[in-house]
Amino acid sequence: MEAQDILSCVEPFTAARPAELEVLGRTAVRVRKTPASILCHDGQPADGLYIVLRGRINLVRAVDGNRDLILSSLGPGEVFGENCAMPGMVMSTTAVAAVQSEMLRIPGEALSEHLRREPETVVRLMRMQYEKLREVEAVASGLALCDVEQRLRRTLARLARRQGRRNPASAGWILAPVPTQSELARMVGSCRETVSRTLSAMARNGLVSGSGRRMILNDSLVNETP
């Protein structure tokens, strides 16, 4: 698929004029990264806006004692690095490829010029930033107020709603590839062993099933209030 066609399907560009998308698409570069590769560092300016085409990108924040917390896990169609269009702004997280991943990168200067010509993209970008802030706030409140099982349930439901698909064979949602138990532990502020025990209990209760990198989530879990 051509870059212009990709942009037309991805927020915040879905309302932009075709001619503008063609101009922006000519500046785009495809980027491929292996697992554990860093694309942007916390505290440094992003070198462009990235659209995830394939794979998964974790946005990570370092915490006390050589540990980190995954604040968000992005799949195909999701973006990061949009602050590259704002001079002086830096990344508040480190973007790391969780698996083999492919992105489309829009240079910051090209994005800034596009925003000056397309006010509707600005509005959609602001809305997208607001939704990201709400997600981070939900993670923070969960860490403060919820136990590990509640945090894990919320995390899996959020991932399924954003990156999963309906299971055609039965009720439920398919999440594939599902994050590893170590990644899930870093998302909920726990350890892998606790996450493993919690997932086993959830499986016994019929909330999740599957094996390997594929998980099926029950509708009741996905439909829980965030």
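Residues numbered from 1 in each chain as written. Predicted model: local features only at pLDDT ≥ 70, side-chain atom pairs only at ≥ 80, totals over all residues. Heavy atoms only, no water.

## Here's the deal with the UniProt feature "domain: HTH crp-type" (unreviewed entry) in the chain
Sites flagged by UniProt as "domain: HTH crp-type" (unreviewed entry) map to residues 146-221. Overall, residues 146-221 shows 53% helix and 17% strand. The separation of its end C-alpha atoms is 16 Å. (UniProt positions renumbered as here; feature names shortened; annotations may be inferred. Helix = DSSP H or I, 4+ residues; strand = E, 2+ residues; numbered from the N terminus.)

## Quick word on the sheet that holds strand 11 (residues 208-211)
Strand-to-strand pairing in sheets goes through backbone hydrogen bonds, with the strands running parallel or antiparallel. Overall, antiparallel pairing links the 4 strands, which are arranged 9-10-12-11 in an open sheet. The open sheet is flanked by strand 9 (165-166) and strand 11, the only strands paired with a single partner. Of the pairings in the sheet, the one linking strand 9 to strand 10 (residues 173-175) comprises 2 bridges and is antiparallel in character. Across the sheet, R165 pairs through a bridge with I174, a residue of strand 10. (Pairing = 2+ DSSP bridges.)

## Observations regarding the packing of helix 6 (residues 181-188) against helix 7 (residues 192-204)
Across the interface, helix 6 lies against helix 7 with an axial gap of 8 Å and an inter-helix angle of 100°. The angle between helix 6 and helix 7 places the two elements in the roughly perpendicular class. For the pair helix 6 and helix 7, contact is made by Q181, S182, L184, A185 and V188 and by R192, V195, S196 and L199, respectively. Looking at the contact of helix 6 with helix 7 residue by residue, the classes come out as 5 nonpolar, 3 polar and 1 charged. (Axes fitted to C-alpha atoms, helices over the stretch in contact; angles between N-to-C directions. Parallel < 35°, antiparallel > 145°, perpendicular 65-115°, else oblique. Contact = heavy atoms within 4.5 Å. Nonpolar A, V, L, I, M, F, W, Y, C, P; charged D, E, K, R; others polar.)

## Observations regarding the side chain of T121
Tracing the backbone shows T121 in helix 4 (residues 119-145). When its relative accessible area of 1% is taken as the criterion, T121 is described as buried. Residues in contact with T121, not counting those within four places in the same chain, are P12, F13, A16, H114 and L115. (Buried < 20%, exposed > 50% of the residue type's maximum accessible area, 1.4 Å probe, protein only.)

## Details of the pattern of salt bridges
Per the counting criterion, the structure on display carries 19 salt bridges. Note that R17 and E118 form a salt bridge whose closest N and O atoms lie 2.5 Å from each other. You can see R17 sitting in the loop between helix 1 (3-8) and helix 2 (18-25) and its partner E118 sitting in the loop between helix 3 (108-117) and helix 4, a full 101 residues away along the chain. Judged by its relative accessible area of 46%, R17 falls in the partly exposed class. For E118, a relative accessible area of 5% puts it in the buried group. A salt bridge links R192 to E193; its shortest N-O distance comes to 3.7 Å. A relative accessible area of 40% places E193 in the partly exposed class. (Salt bridge = Lys/Arg side-chain N within 4 Å of Asp/Glu carboxyl O.)

## Details of helix 4
The end-to-end C-alpha separation of helix 4 is 39 Å, in line with the 39 Å expected for 27 residues at 1.5 Å each. When helix 4 is considered as a whole, its buried residues turn out to be T121, L125, M128, E135, V139 and G142. Looking at the buried residues of helix 4, the elements they touch are strand 5 (67-74), strand 6 (79-80), helix 3 and helix 5 (148-163). (Expected span 1.5 Å × (residues − 1).)

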